[in-house]
Amino acid sequence: MPPYKPIDFDAFWNAVRDQADGIPLLPEVVADPVRTTPDVSVFRAYFTSLDHIRIAGWYCRPAEFSGTLPALLTLPGYQAEPGIPVDWARRGYAVVSVGMRGKLRSNSRFNPGIPNLLTHNIVDRHTYAYRGIYADAWRGIDFLLSRPEIDPARIGMVGSSQAGGLTIVTAALRPEIKAASAGSPFLCDVENAIRLTDTYPYQEINDYLAAFPDSRDAVTETLGYYDGVNFAGDIACPVIMNIGLRDNICPQEAGHAVFDAVGASDKTLYPYPDQGHDAGAHLHGPVVAEFFARHLRKEGGG
Amino acid sequence: MDTAPPDFKSYWDETLNDLGRFSPAPAVTPIPLRTTGFATLYGVRLTSLGPYRIFGYISVPTGTGPHPVLYFTPRYQSVVQPVPQGISNELRRHFIVFSLAARGQRNADEPFAADFPGWLTEGIANPASYIFRGVVADCVRGLEFIAGWEGVDPGRIAVVGNDLAFMTAALGNGATPGATHGATHVATAPELFFGLPPKGVPYPRAEINDHLRRTPADRDAVRRTLSLYDLRAFAPTAPAARLILAGPAGAELDGKALAPLAESEHATLRESKRSNYKDGLTLLSWLAERFDMPDPQALLPRAWR
């Protein structure tokens, strides 16, 4: 059964987008000489997001390039910090890795902690933690668009787990994304996922419902606005998705549900047997590299 | 151990002696939100070397015990959860589960908040002030604490984690005045300490290369510090019942590299199968067998049963 989708779903997110759009981005990059290598320039990246929260991340690009670069947005998993995407930069992409609110360096004004983030204000769609986190993700696209060296017609998004779910949401909301790769998507088919798992992070919701059983209807209402399945129909760009058929964190059933809901006609699912939450990352890496090369690179490089 | 530097023992003896100067002064607080019908969760604050206040989550099964212990030492990340991500919450039904946040990690980040990347190289050019001297002491303090918890089965205390698990189990064997008993088992998946890393390794060991690229004059000092943390030097005093979870064949820390850690009659060495499902089964099967658990399936997350 598909997740509950509120009748005012689009109106809700249009209002959030209008609110975010009214806040100046104020993008900034600061060279990081410790992490910079001879072939990759590494910068600390900053921009302002919803609620005027300053968001930090990493921005990498090849040390030498000519013309404009294809660009990627990537994000960290639920309990991880944003990685430094030097590998993608080595392949010729400009990449921003965004640490959404709550992550280190983005948590001075919003820090519910982990565990707790997933249920922070979960009874109220207007103040639920992920309202801001979703905005932080899509503002990453605005950050890329602020960079003169990137080609705005060649932007992709890649991520796994929480970042897989955020890739679904962001690709639906931002048509500037021309290719999206989502792995082991979190935040999708959530009501079903919490029944199928006994591991954190989804266990946070089970803990919450056990402690506050009277909140179930309010939780269901809120999750309806945030479930990736409810966004997926609006994705128009090519999508690839990898899932592990033994995923102990984001159940494969939820991966199938969101893949089925993706609106794009050009979509491919890669289910990996005998793989857990890593979803065959070592096997799938070359698939992702080829996917972005095909959709974002120009013939002859660049 | 051939690879241990001459001052290896004195460095760690001094660290543990310094740790012993500080009473743990535990403050234990129930956490009702994560308490279930089968286990109670507490947060605990402890004083460690410094003095520095650290944090941990303790889950205690319902019933009088004695209960076996799973002590999860810190992963290389800021976040510490009551049960590590991906591990079944049902484990709390069968074990006392203790998860430690060492200095720099969330809930133990005042006054020092670690950067990621950055934690691994904080003060690395000076062994006396290297952050991991304190982090290892924190882990040993955690072992002392949980081993002394009422209802613990002293014959079944497993330390599980990365390099820190191996170091903790090797060092925390009644070595400090507050200790009652130490670890009986250790399962380790090393990722941090094995001498200077080659070029091109991924994070977190890439942090060391970042540091040396920026500060090449530190090379000898960093090499010396790392020699005091080389896991091979801890092998002789680690519990005999040990599971070494190596990287996949061909990786820097594969089975061949880590073989010296498995030189024990009761050691098991397994290379990663590049699947956290299969590697997770290896760990949980080993635990169930070594702890003589009646229903090994009960330890698995739902998707693996």
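Above this text is the structure in question.
Residues numbered from 1 in each chain as written. Chains lettered and ligands numbered in written order. Predicted model: local features only at pLDDT ≥ 70, side-chain atom pairs only at ≥ 80, totals over all residues.

*Asks:* Explain the overall build of chain B here, please?
*Replies:* Per the secondary structure count, chain B includes nine helices and nine strands. A compact globule built from 305 residues should have a C-alpha radius of gyration of about 19 Å, and chain B, at 18 Å, falls within 12% of that. Once the C-alpha set of chain B is aligned to its principal axes, its extents read approximately 55 × 40 × 30 Å. Counting the 305 residues in chain B, one finds 51% classified as buried. (Helix = DSSP H or I, 4+ residues; strand = E, 2+ residues; numbered from the N terminus. Rg over C-alpha atoms; globule rule 2.2 N^0.38 Å. Buried ≥ 20, exposed ≤ 12 C-beta atoms within 10 Å, placed from the backbone.)

*Asks:* What should I look at first to understand the pairing of strand S8 (residues 239-244) of chain A in this one?
*Replies:* Walk down a regular strand and you will see the side chains alternate between the two sheet faces. Residues and elements named next belong to chain A. Here S8 lies mainly inside the structure; six of its six residues are buried. As paired strands, strand S7 (residues 177-183) and S8 are joined by four bridges and run parallel to one another. Within the sheet, the bridge partner assigned to Ala-180 lies in S8 and is Val-239. Note: S8 against strand S9 (residues 267-272), six bridges, orientation parallel. If you follow Met-241 over to S9, its bridge partner there is Leu-269. (Pairing = 2+ DSSP bridges.)

*Asks:* Can you walk me through the nonpolar core in this structure?
*Replies:* Soluble globular proteins tend to pack their nonpolar side chains together in the buried interior. If you look at the biggest cluster of nonpolar residues, it comprises 185 residues, and the most contacted ones within it are Val-258 of chain A together with Val-69, Tyr-71 and Ala-158 of chain B. Dropping the residues within four chain positions of it, Tyr-71 of chain B is found in contact with Phe-98, Gly-142, Leu-143, Ile-146, Ile-157, Ala-158, Val-159 and Val-160 of chain B. (Core = buried A, V, L, I, M, F, W, Y, C linked by C-beta atoms within 7 Å. Contact = placed C-beta atoms within 7 Å.)

*Asks:* Please clarify how the interface of chain A and chain B should be interpreted in this entry.
*Replies:* The interface of chain A with chain B comprises 32 residues on the first partner and 30 residues on the second. Examining the composition of the side of chain A that touches chain B, we find that three residues originate from one element, helix H6 (residues 203-211) of chain A, more than from any other. Of the residues belonging to the side of chain A that touches chain B, the class tally is 13 nonpolar, 11 polar and eight charged. (Nonpolar A, V, L, I, M, F, W, Y, C, P; charged D, E, K, R; others polar.)

*Asks:* I keep staring at the environment of Ile-240 of chain A and nothing clicks. Help me out?
*Replies:* Residues and elements named next belong to chain A. Inspection of the secondary structure assignment puts Ile-240 in strand S8. Assessed through the 23 C-beta atoms surrounding it within 10 Å, Ile-240 is described here as buried. Remark: the alpha-carbon pair of Ile-240 and Ile-168, spanning 72 residues in sequence, is separated by 10 Å. Setting aside its immediate chain neighbours within four residues, Ile-240 contacts Ser-181, Thr-268, Tyr-270, Val-287, Val-288 and Phe-291.

*Asks:* Sorry if this is basic, but what is going on with the sheet that holds strand S6 (residues 150-160) of chain A here?
*Replies:* Two orientations exist for strands paired in a sheet by backbone hydrogen bonds: parallel and antiparallel. Residue and element names in this part refer to chain A. The sheet built from nine strands is open, its strands ordered S1-S2-S3-S5-S4-S6-S7-S8-S9 with mixed pairing. Of all the strands in the sheet, just strand S1 (28-31) and S9 have a single pairing partner and so form its edges. Sheet twist, expressed as the average angle between the axes of neighbouring strands with direction ignored, equals 20°. Bridge count between S6 and S7: six bridges; the pairing is parallel. Note that in S7 the partner of Met-157 across the bridge is Ala-180. Each of strand S2 (40-48), strand S3 (54-62), strand S4 (69-74), strand S5 (94-99), S6 and S7 touches helix H3 (residues 129-145); the most contacted strand, S5, lies at about 150° to it. (Axes fitted to C-alpha atoms, helices over the stretch in contact; angles between N-to-C directions.)

*Asks:* Even after reading the chapter, I still don't get the environment of Asp-220 of chain B, so can you show me in this structure?
*Replies:* Residue and element names in this part refer to chain B. Checked against the element boundaries, Asp-220 lands in helix H6 (residues 219-227). For Asp-220, a count of 9 C-beta atoms within 10 Å gives the class exposed. With 95 residues separating them in the primary sequence, Asp-220 and Ala-125 have C-alpha atoms 8.5 Å apart.

*Asks:* Is there a simple way to think about helix H3 (residues 131-147) of chain B in this case?
*Replies:* The periodicity of an α-helix, 3.6 residues per turn, causes residues three or four places apart in sequence to face the same way. Over its 17 residues, H3 of chain B extends 25 Å from the first C-alpha to the last, a length consistent with the 24 Å expected when each residue adds 1.5 Å. For H3 of chain B, the tally of buried residues reaches 16 of 17 residues, placing the bulk of the element in the interior. (Expected span 1.5 Å × (residues − 1).)

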